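For reference, the chains in residue letters:
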Amino acid sequence: MSSEEGERERAARIIGWVRADAWRLDVLRQARALRLPDWWLAAGFVRNLVWDRLHGYSSSTPLNDIDLVYFDATHVDTSVDRALESELRRVAPLPWSVKNQARMHERHGHRPYTSIEEALSVWVECETAVAVTLDDDDGIRLTAPLGTASLLSGQVTHNPRHGDSEVFRRRVVAKGWQRRWPELEIQGL
């Protein structure tokens, strides 16, 4: 099996888990209703589900936030994101975190990103750089610019494209992932 075929198989497995989770499907539909350009639910929304399944947990770990990311170079003001969060919270009182990735390069001192995939590709952990979206026919698509192999292997690895391994170390300690998912293997601490 080629690495591309392996990646498609892993993506299909994750998509199947998302599709089987009625709550996640409902959240995807709420996000889709905003009709944002190039929108995705990312990070823990997908990552935690995978780790829960790898650990055999029958119920999902509650999310600290629901990362809705999108890419719109024409409206980069943070007030747009705050308004979108308010709108989502009126529909569903969940911990929404909306971020236009077209401006996030400023936070990290990078050159401007050209796409969601480029923005995700510099997130701190490789396993966090994964996202799903829902099309108008309820088809789920997954993007993972750094792949899904380490995520499905229960690893937590610093993304070398992020650059700051100290940020990775602090996040691993602060988030306490191994307390919830003790079989995770933290790489490079």
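Our structure is the block above this text.
Bear in mind that the values here come from a model prediction, so they are computed numbers and not experimental data.

## Notes on the pairing of strand β5 (residues 140-143)
Here is step 1 of the chain: In this sheet, β5 lies alongside strand β4 (residues 131-134) in antiparallel orientation, the contact comprising four bridges. Within the sheet, the bridge partner assigned to A131 lies in β5 and is T143.
Here is step 2 of the chain: What sits between the antiparallel neighbours β4 and β5 is a turn of five residues, in which D138 has the positive phi angle 65°.

## Quick notes on the pattern of salt bridges
Here is step 1 of the chain: Evaluated as defined, the whole model comprises 14 salt bridges.
Here is step 2 of the chain: Linking E7 and R10 is a salt bridge whose minimum nitrogen-to-oxygen distance equals 2.8 Å. Placement of the pair is E7 and R10 together in helix α1 (residues 3-19), with a separation of three residues, close to one helical turn.
Here is step 3 of the chain: A relative accessible area of 25% means that R10 is categorised as partly exposed.
Here is step 4 of the chain: For R169, the salt bridge identified is with E166, shortest N-O distance 2.7 Å. With a gap of three residues between them, R169 and E166 both fall in helix α8 (residues 165-175), about one helical turn apart.
Here is step 5 of the chain: A residue is classified by how much of its surface remains accessible, and R169, at 36% relative accessible area, is partly exposed.
Here is step 6 of the chain: The class for E166 is partly exposed, based on a relative accessible area of 32%.
Here is step 7 of the chain: Three or more residues are tied together by salt bridges with common partners; here these are R29, R32 and D138.

## Here's the deal with the side chain of S150
Here is step 1 of the chain: Inspection of the secondary structure puts S150 in helix α7 (residues 149-152).
Here is step 2 of the chain: Only 2.6 Å separates the side chain of S150 from the side chain of E127, close enough to count as a polar contact.
Here is step 3 of the chain: Not counting the four nearest positions on each side in its chain, S150 is found in contact with C126, E127, Q155 and T157.

## A few points about the sheet that holds β5
Here is step 1 of the chain: Spatial ordering of the open sheet is given by β3-β2-β1-β4-β5, a layout of five strands whose pairing is mixed. The open sheet has two edge strands, β3 (96-100) and β5, and neither has a second partner. Pairwise comparison of adjacent strand axes, ignoring direction, gives a mean angle of 30° for this sheet.
Here is step 2 of the chain: Set on the sheet, helix α2 (residues 22-32) makes contact with β1 (40-42), β2 (66-70), β3, β4 and β5; between it and β4 the angle comes to about 70°.
Here is step 3 of the chain: Lying over the sheet, helix α4 (residues 78-91) contacts β2 and β3, oriented at roughly 150° with respect to β3.

## Observations regarding the side chain of E125
Here is step 1 of the chain: Tracing the backbone through its elements, the reader meets E125 in the loop between α6 (116-120) and β4.
Here is step 2 of the chain: On the accessibility criterion, E125 (1% relative accessible area) is buried.
Here is step 3 of the chain: In contact with E125, not counting residues within four places along its chain, are V156, T157, N159, F168, R171 and W177.

## A word on the packing of aromatic side chains
Here is step 1 of the chain: One pass over the full model with this rule turns up three aromatic pairs.
Here is step 2 of the chain: Ring geometry for W23 versus F45: centroids 6.3 Å apart, planes at 40°, classification tilted. Highlighted residues: W23 in helix α2 and F45 in helix α3 (residues 44-54), separated in sequence by 22 residues.
Here is step 3 of the chain: Look at F45 and you get buried, because its relative accessible area is 0%.
Here is step 4 of the chain: Between W51 and W181, the ring centres sit 5.1 Å apart and the planes meet at 65°, which makes this aromatic pair edge-to-face. Of the two residues, W51 sits in helix α3 while W181 sits in the loop between α9 (177-180) and β7 (185-186), which places them 130 residues apart along the sequence.

Conventions used here
Residues numbered from 1 in each chain as written. Predicted model: local features only at pLDDT ≥ 70, side-chain atom pairs only at ≥ 80, totals over all residues. Heavy atoms only, no water. Pairing = 2+ DSSP bridges. Helix = DSSP H or I, 4+ residues; strand = E, 2+ residues; numbered from the N terminus. Salt bridge = Lys/Arg side-chain N within 4 Å of Asp/Glu carboxyl O. Buried < 20%, exposed > 50% of the residue type's maximum accessible area, 1.4 Å probe, protein only. Polar contact = N/O pair within 3.5 Å; in protein donor to acceptor, adjacent residues only side chain to side chain. Contact = heavy atoms within 4.5 Å. Axes fitted to C-alpha atoms, helices over the stretch in contact; angles between N-to-C directions. Phe/Tyr/Trp six-rings, centres within 6.5 Å; stacked < 30°, edge-to-face > 60°.

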